[in-house]
Amino acid sequence: MEGDTMSGIDVDAVRALVEHVAATVVAPRFRALAAGDVHAKGADDVVTVVDHEAEVLLTQGLSELAPGVPVVGEEAVAADPRVLDALEGAPRAWVVDPLDGTRAFVEGSPDHAVMVALVEHGEAVAGWICLPAHGRTFVAERGAGAWVDGRRLVRAPADPEALAGAVAVWAMDAGTRRRVEAGCPELGLGAGTAQRLWSGWEYSRLVTGERDYLGYWRSSPWDHAPGAVLVREAGGVSRFFDGNEYTALPVGGPLLAAADDATWRTVQGVLGTAVGT
């Protein structure tokens, strides 16, 4: 995809920006956070100085690459929810997750990511997922495919007899979680096996064949817009549980990504029964 542009957006320049922020802000503090670098963010989340510093640099860089295109960053929305309105009010917008898997990062797990997506009228049309601790960056562009390390990714259909996936049950109420874990043995799920999923890492595993499906109870745009275009361009699907195609507009709702349409329908049928949708 070297040198590619999309409606005036330099895809490789965005990749360079994401990798630069990952290398200069995220990587140096991995397993080296100081006292006071981590703070509570709501009842079940944390935020670090890395999240804030990375978002500032990404916002500045994206604004220079595409003047006038608003940037919807996770931490900016946390500070002022009105920032999210740009996804509905502007014809195109950037969506930024400066440190996906913040808790993983804090706990020393390499499964964190820096993610950016370009959204047009709610559709994710390009996505960048950088996994600095794994040394890989995934890039996807509408109509141009999904790529990693100069190699185009084409997702093979899943084996319906041996599906491998995960569901982020941490956000479910206790009753729904029990039904999912008890009612989905055919999906390879069981008590304690479907937990919190770090989106950037998990979407990369879906397109490389390590996962066949991913189920999320929440669908914040910064968590899923980059992965949605990556999955789609690799040949998979990303839809809400009700069957509507993924949109980054703030409509929310449970989300299911899968290697192919048949897998999506199989998993949706089982999970839909378990969660009552």
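Heads up: the structure comes first, above all this text.
This is a predicted model, so every value here is computed, not measured.

Draft legend 1. Broad picture of the overall build of the chain. Along the chain, the regular secondary structure elements total nine helices and 15 strands. Compactness check: the chain gives a C-alpha radius of gyration of 18 Å against a globular reference of 19 Å for 277 residues, within 12% of the reference. C-alpha atoms of the chain, sized along the principal axes, occupy 50 × 45 × 35 Å. Expressed as a percentage of contacts within the chain between residues at least 6 apart in sequence, the contacts between residues at least 24 apart total 61%. A total accessible area of about 11300 Å² is found for the chain, and carbon and sulfur atoms account for 51% of it. Where the 22 positive side-chain charges of the chain centre and where its 39 negative ones centre are 4 Å apart.

Draft legend 2. View of unusual backbone geometry. The phi torsion at H121 lies on the positive side, around 50 degrees, for a residue other than glycine. Mapping H121 onto the fold places it in the loop between β7 (113-120) and β8 (123-131).

Draft legend 3. Focus on the sheet that holds strand β5 (residues 71-73). Read across the sheet, seven strands follow the order β5-β6-β7-β8-β9-β10-β11 without closing on themselves; strand pairing throughout is mixed. For this open sheet the edge positions go to β5 and β11 (151-153), each flanked by a neighbour on one side alone. When the angles between neighbouring strand axes are averaged without regard to direction, this sheet yields 20 degrees. Judged from the three bridges that link them, β5 and strand β6 (residues 92-100) form a sheet pairing that is parallel. Within the sheet, the bridge partner assigned to V72 lies in β6 and is V95.

Draft legend 4. Structural view of the sheet that holds strand β12 (residues 165-168). Strand order in the open sheet made by the four strands is β12-β13-β15-β14, with mixed pairing throughout. The open sheet has two edge strands with one neighbour each: β12 and β14 (237-240). Across the sheet, the mean angle separating the axes of adjacent strands is 10 degrees when strand polarity is ignored. Note that β12 and strand β13 (residues 213-216) share four bridges and pair parallel. Directly across from G165, in β13, lies its bridge partner Y213.

Cut-off values and rules
- Going along each chain's sequence as written, the residues are numbered from 1 onward.
- In view of the model being predicted, local features appear only for residues whose pLDDT reaches at least 70, and side-chain atom pairs are presented and counted only at 80 or more, with totals across whole chains, interfaces and linings using the full set of residues.
- Remark: hydrogens and water are excluded; side-chain values derive from all non-hydrogen atoms of the structure.
- Helix and strand definitions here come from DSSP, where helices need a minimum of 4 consecutive H or I residues and strands a minimum of 2 consecutive E residues; each element is numbered from the N-terminal end.
- For the radius of gyration, the atom set is restricted to C-alpha positions; the globular benchmark scales as 2.2 Å times the number of residues to the power 0.38.
- The contact criterion used throughout is that any non-hydrogen atoms of two residues lie within 4.5 Å.
- Only the protein chains shown count as cover for residues, and the accessible areas themselves come from Shrake-Rupley with a 1.4 Å probe.
- Counting rule for charge: Lys and Arg are taken as positive, Asp and Glu as negative, and neither His nor the chain ends is counted.
- Just so you know, the charge point we use is NZ for Lys, CZ for Arg, CG for Asp and CD for Glu.
- Strand pairing is assigned whenever DSSP identifies at least 2 bridges connecting the two strands.
- A fitted line through C-alpha atoms serves as each axis, taken over the contacting stretch for helices, and the angle formed by two N-to-C directions is quoted from 0 to 180°.

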